[in-house]
Amino acid sequence: MGFSQSLSGVNAASSQLDTIGNNISNSQTVGFKSSSVQFADIFANSQGLGTRVAGKLQDFGTGSLETTGRGLDLAIAGDGFFQFTQNEQLAYSRNGQLSMSADGYFENAQGARLTDQQGEPLQVTQFSQGAQATGTDTGVQTEFNLDAEAETIDRGTVGFSQSDSDSYSYVTNAGTVYDSLGVGHDMSLYYTKVGTNAAGETEWEVRTALDGEMAQDIDVDGDGTNDGPGQPQIITFNENGQIPAGDDTTRNFNFGDLGNGSAPLAFDIDFDGTTQYGSEFELRSFAQDGNASGTFVGVEITENGEVLANYSNGNSEAVGTVGMANFRNPEGLEPQGDNLWAATQESGAALLGQAGTGQLGSLESGTLEASNVDLTQELVDMIIAQRNFQANNNAIQTQSDILETVTNLR
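None of the values given here were measured: they were computed from a predicted structure. (Residues numbered from 1 in each chain as written. Predicted model: local features only at pLDDT ≥ 70, side-chain atom pairs only at ≥ 80, totals over all residues. Heavy atoms only, no water.)

**With respect to the packing of aromatic side chains**
With the rule as written, the count across this model stands at 16 aromatic pairs. Of the aromatic side chains, those joined through ring pairs into one cluster are Phe60, Phe81, Tyr92, Phe327 and Trp341. Over the face of the ring belonging to Tyr105 we find Arg113, whose NZ or CZ atom lies 3.7 Å from the ring centre. The ring of Phe160 has Arg207 lying over it, and the distance from NZ or CZ to the ring centre is 4.2 Å. (Phe/Tyr/Trp six-rings, centres within 6.5 Å; stacked < 30°, edge-to-face > 60°. Lys NZ or Arg CZ within 6 Å of the ring centre and 35° of its normal.)

Written out as structure tokens, the structure is:
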């Protein structure tokens, strides 16, 4: 028996102990993947010459997901990797502990930057939002049900008055709209059932007021002329309680100069979906496109990776989508340290996509993936590796003793 076989066993056991020690030391490292040593025997001319380390196998099994409640902590529920750029090189990680730099980049503890699907660093570039007047884009969209059994009010005998509740059917504070300075104004809508027209359709008058002041200069008949303050727009309903198909559902209201230094305010209200059914008056929805000014207050990352910047005015703005990657052979990735891996020929090129699609897992915000090290198993493996080390060391010592005895016999 030669020394080389036992010496190879000592080296192999030492390498295994190194790997186990590294696993144990990273048992609390977020996103860490454990490794195991693979051995191969050595033969020459049918003679066993010991063992060697054939390679190290990485275990990419998912670690447990642990809730942190921190919005910039991300975990992947399923397969895939985050894509980072560092020193102009792409790297991949399962560690989603992120922070935001002063210039709006999403970075890990080592400064590597999270990328989008094109490999470009994700960045929040707008840290404030200016005011926008209602009507800049889409105006107001609102939907009601008007009670078909409401009493008809004869405009020939009863004129409209805000102070006289008998002069209209319903009034509601629909919501808040904004002027060009971002000042909010309460918008009220007055509905009055006034009877049927020549086509047999039921007609309702609609009037608006901001902070109690009626809209000005309403073009009721669409002829391009203004019909004066407090004038109504007309909405008609067919025998099915719906606005007839093909009818324009938008009505324009002009509030003029609000007296606070803002630009004159006018906007369309779209009543699409409003009905006249035999049930109680109901405000179903209200939305408008204006806003007060706001400052950046944080981000939200959805399960499909969309990054939303949130502002103090209640608005959100999409700034990009988290880039996700997967590999045909993740075990072929090369560890780079700092919770990062690099692609190799063995791993294949990165297969990019959006979280929650294909073989890519979804993202969970406020959550981190723990190390997948099984500490109990590692301690058991360490005992076995230690015994192997000691046994091979004892074999060397025994061979040394035999050699010394043989030498003394001479």
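On we go.
**Considerations on the sheet that holds strand β29 (residues 362-365)**
Spatially, the three strands line up as an open sheet ordered β7-β4-β29, and their pairing is antiparallel. Pairing within the sheet leaves two strands with one partner each, and these edge strands are β7 (96-97) and β29. Judged from the four bridges that link them, strand β4 (residues 73-77) and β29 form a sheet pairing that is antiparallel. Following the sheet pairing, Ala75 is matched in β29 by Glu364. (Pairing = 2+ DSSP bridges. Helix = DSSP H or I, 4+ residues; strand = E, 2+ residues; numbered from the N terminus.)

**A short note on the environment of Gly135**
For Gly135, the position within the fold is in the loop between β11 (128-129) and β12 (140-147). Classification of Gly135 as partly exposed rests on a relative accessible area of 34%. Considering only alpha carbons, one finds Gly135 and Ile269, 134 residues apart in sequence, at a separation of 8.8 Å. With near-sequence residues (within four places) excluded, Gly135 lies in contact with Ala266, Phe267 and Asp289. (Buried < 20%, exposed > 50% of the residue type's maximum accessible area, 1.4 Å probe, protein only. Contact = heavy atoms within 4.5 Å.)

**Quick look at the nonpolar core**
Met187, Leu189, Tyr191, Phe267 and Ile269 are the most contacted members of the largest nonpolar core, which has 24 residues in total. Listed by contribution, the elements that provide at least two residues to this core are β12, β13 (170-178), β14 (184-196), β15 (202-210), β17 (233-237), β18 (250-256) and β19 (265-270). With near-sequence residues (within four places) excluded, Phe267 lies in contact with Thr134, Gly135, Val140, Val177, Met187, Arg251, Asn252, Phe253 and Phe255. (Core = buried A, V, L, I, M, F, W, Y, C linked by side-chain atoms within 4.5 Å.)

**Comments concerning helix α1 (residues 3-25)**
Taking 1.5 Å of rise per residue, 23 residues should cover 33 Å, and α1 covers 33 Å from first to last C-alpha, within 8% of that figure. Listing the buried residues of α1 in full gives Ser6, Ser8, Gly9, Val10, Ala12, Ala13, Ser15, Gln16, Thr19, Ile20 and Asn23. (Expected span 1.5 Å × (residues − 1).)

**What about the confidence of the model for the chain?**
The predicted coordinates ought not to be read in detail in places where the model reports low pLDDT. With 95% of its residues at a pLDDT of 70 or more, the chain has an overall mean of 90. Least confident of the elements in the chain is helix α2 (residues 375-409), whose mean pLDDT is 81; most confident is strand β20 (residues 275-277), at 97. (pLDDT = per-residue confidence, 0-100.)

**What about the environment of Glu280?**
Considering the arrangement of structural elements, one finds Glu280 in the loop between β20 and β21 (282-288). Excluding residues within four positions of it along the chain, Glu280 makes contact with Asn145 and Asp147.

**Notes on the pairing of β4**
Here β4 lies mainly inside the structure; four of its five residues are buried. Relative to β7, β4 runs antiparallel, the two being bridged by two bridges. In the strand pairing of β7, Leu74 is matched with Gly96.

**Notes on the sheet that holds strand β23 (residues 306-311)**
Pairing is antiparallel across the open sheet formed by four strands, whose spatial order is β11-β22-β23-β24. With partners counted over all chains shown, the strands left at the sheet margins are β11 and β24 (316-321), one partner each. As paired elements, β23 and β24 share five bridges and run antiparallel to each other. Bridged to Leu308 within β24 is Ala318.

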